[in-house]
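# Structural description and commentary
Residues per chain, in single letters:
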Amino acid sequence: MLRFKNLGSGSTGNATVVEGSSGTQVRRLLIDCGFGIRQLQTRLAQAQLQIEDLDAVFITHEHSDHIGCALAVAVRYRIPVWMSQGTYAALGAPDFDGMLRIAHDMEALDLGTFSALPFTVPHDAREPLQLRCSDGASHLGVLTDLGHASDHVLQQLQGCHALMIEANHDPAMLEASRYPTFLKRRVGGPYGHLANFATADILRAVRHPGLQRVVAAHLSAQNNAPSLAQQALGLALEWPAEEITVASPTVGTPWLAVAG
């Protein structure tokens, strides 16, 4: 059985728990760790978990809303933290006290009850990776923080039964925002963040009858609205808009099952 719960998604912090179970064996991976220790503890408690219940952490890239307290979690709780060599270098090569693990594009991590396959994405970070998680029968794609979908990205999302995918901004809202010009160009550029229409295009490219759940993530508080993201993604899938779950920056999502 595979399930996941986003703990919060947005520029103020990002973290998602993926849990795989087989019989009495349960393994949990925290994807990104973009909060302080106390905030992470609070959000995990809302999922009926503690930091000690995590088996590993995977950091997608070095931006502060994703790395957060990962170093403290690794050293204090002796939990291994995976990231790319580029991400590690971009952080300044800190001492993880033996808990650092280097991840590579298309080299799967074996968590015991499920695997996590990293894949590279186009984003303005040193060596960003996103993940496809699978227990063999069920497949979950996690895709946030990228400016466009390369062929490599689209290949890794094929056949997923659930997707948590970035829908960062509405282009008209971004253009009308108070963001300085350089930031508008960064966010809307090919190595920035996905606009609603770009996310919709991805969903059209990877939709299949087995895709049962889509979570819109990393919405901009200033340049998007949940209803706009839901409308765009629902239209692409020919689903009612309300069937698109939106990950909240404050409470994330409920636990969501991934059924193959």
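Only a predicted model underlies this, so the values are computations on that prediction, with no experimental measurement involved.

Across all of its chains, the model carries 1 aromatic pair by this definition. With centroids separated by 6.3 Å and ring planes inclined at 55°, the aromatic side chains of Tyr-88 and Phe-96 adopt a geometry described as tilted. Residue classification places Tyr-88 among the buried positions, given a relative accessible area of 17%. Residue classification places Phe-96 among the buried residues on the basis of a relative accessible area of 3%.

Considering soluble globular proteins, one finds that nonpolar side chains tend to be buried as a cluster. Within the largest apolar cluster, 28 residues are counted, with the highest numbers of intra-cluster contacts made by Leu-143, Leu-157, Leu-203, Val-214 and Leu-233. Of all elements in the fold, only helix H5 (151-157), strand S11 (162-166), helix H8 (196-206), strand S12 (213-217) and helix H9 (226-237) reach the threshold of two or more residues within this core. In contact with Leu-143, not counting residues within four places along its chain, are Phe-119, Val-121, Gln-130, Val-153, Leu-157, Met-164, Ile-165, Glu-166 and Ile-202. Core analysis: the next-biggest nonpolar cluster, separate from the first, contains 27 residues, Leu-40, Leu-44, Ala-70 and Val-81 among them.

Within the secondary structure, Ala-15 sits in strand S2 (residues 15-22). Linking Ala-15 and Arg-207, residues 192 residues apart in sequence, is a C-alpha distance of 25 Å. Ignoring sequence-local partners within four residues, the contact set of Ala-15 consists of Asn-6, Leu-7, Gly-8, Leu-30, Ile-31, Asp-32, Cys-33 and Phe-35.

Turning next to the sheet that holds strand S8 (residues 115-120). Overall, mixed pairing links the 7 strands, which are arranged S7-S8-S9-S10-S11-S12-S13 in an open sheet. Since the sheet does not close on itself, it has two edges, and those belong to strand S7 (109-110) and strand S13 (245-246), each with one partner. Of the pairings in the sheet, the one linking strand S10 (residues 139-143) to S11 comprises 4 bridges and is parallel in character. Paired with Gly-141 across the two strands is Leu-163, which belongs to S11. Together, S10, S11 and S12 form the strand contacts of H8, whose direction differs from that of S11 by roughly 155°. Here H9 sits on the sheet and contacts S11, S12 and S13; the angle it forms with S12, its principal contact strand, is near 145°.

Here the focus is the sheet that holds S2. If you walk across this open sheet you meet the 7 strands as S6-S5-S4-S3-S2-S1-S14, and the pairing is mixed. One side of each edge strand has no neighbouring strand; the edge strands of this open sheet are strand S6 (100-103) and strand S14 (256-258). Across the sheet, the mean angle from the axis of one strand to that of its neighbour is 25°, orientation sign disregarded. Along the sheet, helix H1 (residues 37-46) contacts strand S1 (2-8), S2 and strand S3 (25-31); its crossing angle with S1, the most-contacted strand, is approximately 135°.

Right, let's talk about the pattern of salt bridges for a bit. Across all of its chains, the model carries 6 salt bridges by this definition. With a shortest N-O distance of 2.8 Å, Arg-78 and Asp-97 are connected by a salt bridge. Of the two residues, Arg-78 sits in the loop between helix H3 (70-77) and strand S5 (81-84) while Asp-97 sits in the loop between helix H4 (85-90) and S6, which places them 19 residues apart along the sequence. Arg-204 serves as the salt-bridge partner of Asp-201, at 3.0 Å between the closest nitrogen and oxygen. Of this pair, Asp-201 and Arg-204 both sit in helix H8, 3 residues apart, which is roughly one turn of the helix. Judged by its relative accessible area of 43%, Arg-204 is partly exposed. Ionic contacts of the salt-bridge type, sharing partners, join the residues Arg-3, Glu-19 and Arg-28 into one network.

Structurally, His-61 is set in the loop between strand S4 (56-58) and helix H2 (64-67). Within polar-contact distance, the side chain of His-61 engages the side chain of Thr-60 at 2.9 Å. Within the local environment of His-61, its side chain forms a polar contact with the side chain of His-63, the two groups lying 3.3 Å apart. Ignoring any residue separated from it by four or fewer positions in sequence, one finds His-61 in contact with Asp-32, His-66, Ile-67, Thr-87, His-123, Ala-125, Pro-128 and Asp-145.

With their axes 10 Å apart at the nearest point, H1 and H3 run at an angle of 80° to one another. By the angle between their axes, H1 is roughly perpendicular relative to H3. Between H1, through Ile-37, Leu-40 and Gln-41, and H3, the contact on the second element is made entirely by Ala-72, Val-73, Arg-76 and Tyr-77. Classifying every residue of the contact of H1 with H3 by side-chain character gives 5 nonpolar, 1 polar and 1 charged.

Cut-offs and rules
- Residues numbered from 1 in each chain as written.
- Predicted model: local features only at pLDDT ≥ 70, side-chain atom pairs only at ≥ 80, totals over all residues.
- Heavy atoms only, no water.
- Phe/Tyr/Trp six-rings, centres within 6.5 Å; stacked < 30°, edge-to-face > 60°.
- Buried < 20%, exposed > 50% of the residue type's maximum accessible area, 1.4 Å probe, protein only.
- Core = buried A, V, L, I, M, F, W, Y, C linked by side-chain atoms within 4.5 Å.
- Helix = DSSP H or I, 4+ residues; strand = E, 2+ residues; numbered from the N terminus.
- Contact = heavy atoms within 4.5 Å.
- Pairing = 2+ DSSP bridges.
- Axes fitted to C-alpha atoms, helices over the stretch in contact; angles between N-to-C directions.
- Salt bridge = Lys/Arg side-chain N within 4 Å of Asp/Glu carboxyl O.
- Polar contact = N/O pair within 3.5 Å; in protein donor to acceptor, adjacent residues only side chain to side chain.
- Parallel < 35°, antiparallel > 145°, perpendicular 65-115°, else oblique.
- Nonpolar A, V, L, I, M, F, W, Y, C, P; charged D, E, K, R; others polar.

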